[in-house]
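# Remarks on the overall topology
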Amino acid sequence: MALRLWASSTANALRISVASTAHLSPPSSLSRCFSTVLDGLKYATSHEWVKHEGSVATIGITDHAQDHLGEVVFVDLPEPDGSVGQGKSFGAVESVKATSDINSPISGEIVEVNTQLSETPGLINKSPYEEGWMIKVKPSNPSELESLLGPKEYTKFCEEEDH
């Protein structure tokens, strides 16, 4: 238990950034000393991303986060049909370095869970914005998206945190 708390604290202290994928949005030229941050996504200071399309928002951890965690070996995700609250934990990621809670950047009803991650958790490292997504949520309060960071703000946040 103490090791899990230490690992979680360490992972949270390391805070993480984002990698690009061709068919999302072209990457911003915001890749300085860390991973690329994508346009078209919103970011939480706890290093999760949100892509809001229509009535569904897809959530995962940023490339910056997966890079700091290292090789992901296990993912604990909720069941579909549950709900998440903004800033509340909905699962955990275990890597060779640490275990870290995953917090939801927005509130809503879970409509889909990426079941591939239980068999292939490394998808988070390989493709954090596409194959490595974690949950899809029907937002209960879409205005919460406005409280999240845009790509430039998230890049600045990561740079300041890493220094």
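All values reported here derive from a predicted model rather than from experimental measurement.

The next thing to look at is unusual backbone geometry. For residues besides glycine, phi is generally negative; the peptide bonds are generally trans as well. The phi dihedral of H47 is positive, around 75°, even though this residue is not glycine. Positionally, H47 belongs in the loop between strand 1 (42–43) and strand 2 (48–53). With a phi angle near 75°, D81 is a residue other than glycine that sits in the positive phi range. Mapped onto the secondary structure, D81 falls in the loop between strand 4 (72–76) and strand 5 (83–84).

Attention now goes to the confidence of the model for the chain. Of the residues in the chain, 79% have a pLDDT of 70 or more, and the chain-wide mean is 83. This stretch, residues 1–33, has a pLDDT under 50; its non-local contacts, to residues over four places away or in other chains, come to 99 contacts.

With that settled, consider the pairing of strand 7 (residues 99–103). Burial runs high along strand 7: 4 of the 5 residues are buried. Bridge analysis of strand 6 (residues 89–95) against strand 7 gives 5 bridges, and the strand direction is antiparallel. By the bridge assignment, G91 is partnered in strand 7 with I102. Connecting strand 6 to the antiparallel partner strand 7 that follows it, the hairpin turn spans 3 residues.

The next point concerns the sheet that holds strand 8 (residues 108–113). Pairing within the open sheet is antiparallel, and its 6 strands lie in the order 1-2-3-9-8-5. Of all the strands in the sheet, just strand 1 and strand 5 have a single pairing partner and so form its edges.

Together, V73, F74 and V96 give the surface a local cluster of nonpolar side chains, amounting to about 270 Å² of exposed area. Within the secondary structure, V96 is located in the loop between strand 6 and strand 7. Judged by its relative accessible area of 56%, V96 is exposed.

Quick notes on the rules
- Residues numbered from 1 in each chain as written.
- Predicted model: local features only at pLDDT ≥ 70, side-chain atom pairs only at ≥ 80, totals over all residues.
- Heavy atoms only, no water.
- Helix = DSSP H or I, 4+ residues; strand = E, 2+ residues; numbered from the N terminus.
- pLDDT = per-residue confidence, 0-100.
- Contact = heavy atoms within 4.5 Å.
- Buried < 20%, exposed > 50% of the residue type's maximum accessible area, 1.4 Å probe, protein only.
- Pairing = 2+ DSSP bridges.
- Patch = residues over 30% accessible without salt bridge, like charges linked within 9 Å, V, L, I, M, F, W, Y side chains within 5 Å.
- Areas by Shrake-Rupley, 256 points an atom, 1.4 Å probe, with all protein chains shown as cover.
- Salt bridge = Lys/Arg side-chain N within 4 Å of Asp/Glu carboxyl O.

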